[in-house]
Amino acid sequence: MPTARDGVDDASGTEGGAMRDSSNDDGLHATIHPDGSVVLVIDETPRTIPTTHAEDARREIVKLTAEIARQLGAPTRVIVTEPDGRWPLLVDGDENVEYAAPDGTRHPTPAAASARAASSPVSSSPVSSTPAPAAASTGDAPRLTRPDTRHAATQPMTVIDPSPGAGASAADATTAEPVEPSAAPAATEQVSADDFANRRAQRETFLTSERADEREEDPATRGFRGAMTRMGLRMAPSADERAERADQMAVAEHWPGPRTIAVVNGKGGSGKTPTTILTAAVFARFGGAGVLAWDNNQTRGTLGWRTEQGPHEATLHDMLEESDHLLSNDAQAADVAQYVHHQRQDRFDVLRSQPIALAEEQRVSAKDVDRIHAVAARYYRLIVMDSGNDESDPLWRRMIDRTDQLVVATTTRDEHAEAGALLLDALAERDERSAQLAANAVTVVNQADQKAPMAEVKRVVDGYRQLTRDVVHVPFDPAMIDGHLHYSALRPATQRAWLAATAAIARGLVSGP
């Protein structure tokens, strides 16, 4: 089998400023694993490099390949395999890297380009630091290069002749004399007011508008594609990165008028509170301020236990007592901070219930829900409501009346999954609007048990696909078990799952109430 050394006789340094291949595809291979480690195969002998991050692995691959290239005295080809693709590269002894495209073309990194530019006579010109590309033919028009802006007032424009033999040195560049502005015409025909009005009506605007989805696609930032982009090779993002960007854009959307999300399940411990917190966190992190998580629970809601407390102990009862002022013309935006608890890391606010007092001591009526919701809708663009377990409670029913998007939270446990399904059945029979909410609900399946078989997870996910508009599985994450919840503390795969879930929720809010 050919090896990296077999290609020495075929390589002769550089040709046309680009590195030449010194080996075939069977010589030097590197595989970067998901855990960040890399296996480099040299002459069919594997060598494990104990890196823990993909970026470190790529640097080690370039470093070791450059060492081989120095020994061979010629650029060396290495095939790098990552989860998002297979990448043929050429590396020289100075660790300059080129991407060897499947069509055989070479795309140099800035390091390689600058090395060639240093040897180019044109690049030594004090006027332009960019070497002139070869012209397609002798009949091409001269190319104008931008003068040094530090002496823009004194330096004329430089014309580089693209014909053969021209541009061999800076002295070959000819200097164009400044052009004097032409004299104004001796007389101008008068324009009538009507003609001028017609011109104004027909003119095109000088301004251009552009939506985000109409702009040129940003280059890759993740994985090997992102690494090549940072090295100067602009590469398109992978399908996974495009999907992630689409989810981010969906979550970042702002709608005309406030929106309300209700997180529901008739069984305790089904994941309603974590779902409320992390949904609010994703909306606030990617879409900006104006997000409220509301503990709408008669029976000792625990939303306040799993989130940060502000510099006070106010609850929704305190906000209710001051609702007249908060809804008055004298109220200011900052006044609401006395009653909500700001989450400094995740950038949303929490309206707490009082989990210490008994339900009979803090009873909230349907009219109270309307009043609190009116305050929340005045100060926040998005309201995420954590709910209790009693679907017959007027508090719960009034929440549904105010809801624009329903979210069913469940774990993979049978009793939680069944309770969520029965709740959807009850809403479908309640009234037309409730049935519509149930049909367009999003289900978030939290894997609370690390040892839950994937077959069990799939059974719950597939079952809810028949009941709701969308279903997202959130993998097990120890950061979700106890204590305060923070989006940044989650594993990358868990963060991605919550972004996908929140994007699915956001897509149901586009039409509004």
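Counting 43 residues, the largest nonpolar core has V264, W294, M319, L351, I400, L406 and Y464 as its most contacted members. Beyond its immediate stretch of four places on either side in the chain, V264 contacts K272, S387, W396, M399, I400, L406, V407, V408, A409 and L423. The next biggest cluster of nonpolar side chains, apart from the first, holds 38 residues, and it includes A280, A281, A501 and L509.

Burial analysis of strand β17 (residues 382-387) places six of its six residues in the buried class, the great majority of the element. Covered by surrounding structure in β17 are L382, V384 and D386 together with I383, M385 and S387, the residues of both alternating faces. As paired strands, strand β13 (residues 259-264) and β17 are joined by five bridges and run parallel to one another. Note on β17: the bridge partner recorded for T260 is I383. For strand β14 (residues 291-296) and β17, the ladder comprises six bridges, and the chain directions are parallel. Considered in β17, the bridge of A293 is made with V384.

Following the criterion strictly, the structure yields 17 salt bridges and no others. As a salt-bridge pair, D247 and R507 come within 2.9 Å of each other at their nearest N and O atoms. With D247 in helix α5 (residues 239-251) and R507 in the segment after α14 (492-506), the pair connects residues that are 260 residues apart, well separated along the chain. Given a relative accessible area of 9%, D247 falls into the buried group.

Let us now look at unusual backbone geometry. A positive phi angle is found at E95, which is not glycine, with a value near 70 degrees. Mapped onto the fold, E95 is located in the loop between β7 (85-91) and β8 (97-100).

Okay, the packing of helix α6 (residues 272-287) against α14 next. The description of two packed helices rests on the angle between their axes and on the distance between the axes. Interaxial distance between α6 and α14 falls to 9 Å at its minimum, and their mutual angle equals 80 degrees. Classified by the angle between their axes, α6 and α14 sit roughly perpendicular to one another. Residues P274, T275, L278, T279, V282, F283 and F286 of α6 touch α14, and the partners they reach there are W498, L499, T502, I505 and A506. Looking at side-chain class alone, the contact of α6 with α14 contains nine nonpolar, three polar and no charged residues.

Bringing the packing of aromatic side chains into the picture now. Each pair of aromatic rings is reported with the distance of its centres and the angle of its planes. Under the defined criterion, the tally for this structure stands at one aromatic pair. Ring centres of W255 and F283 lie 6.2 Å apart, and the angle between their planes is 70 degrees; this geometry places the pair in the edge-to-face category. Of this pair, W255 sits in the loop between α5 and β13 while F283 sits in helix α6, and the two are 28 residues apart along the sequence. Residue classification places F283 among the buried positions, given a relative accessible area of 0%.

Here is what the cut-offs are and how they apply
Residues numbered from 1 in each chain as written. Predicted model: local features only at pLDDT ≥ 70, side-chain atom pairs only at ≥ 80, totals over all residues. Heavy atoms only, no water. Core = buried A, V, L, I, M, F, W, Y, C linked by side-chain atoms within 4.5 Å. Buried < 20%, exposed > 50% of the residue type's maximum accessible area, 1.4 Å probe, protein only. Contact = heavy atoms within 4.5 Å. Helix = DSSP H or I, 4+ residues; strand = E, 2+ residues; numbered from the N terminus. Pairing = 2+ DSSP bridges. Salt bridge = Lys/Arg side-chain N within 4 Å of Asp/Glu carboxyl O. Axes fitted to C-alpha atoms, helices over the stretch in contact; angles between N-to-C directions. Parallel < 35°, antiparallel > 145°, perpendicular 65-115°, else oblique. Nonpolar A, V, L, I, M, F, W, Y, C, P; charged D, E, K, R; others polar. Phe/Tyr/Trp six-rings, centres within 6.5 Å; stacked < 30°, edge-to-face > 60°.

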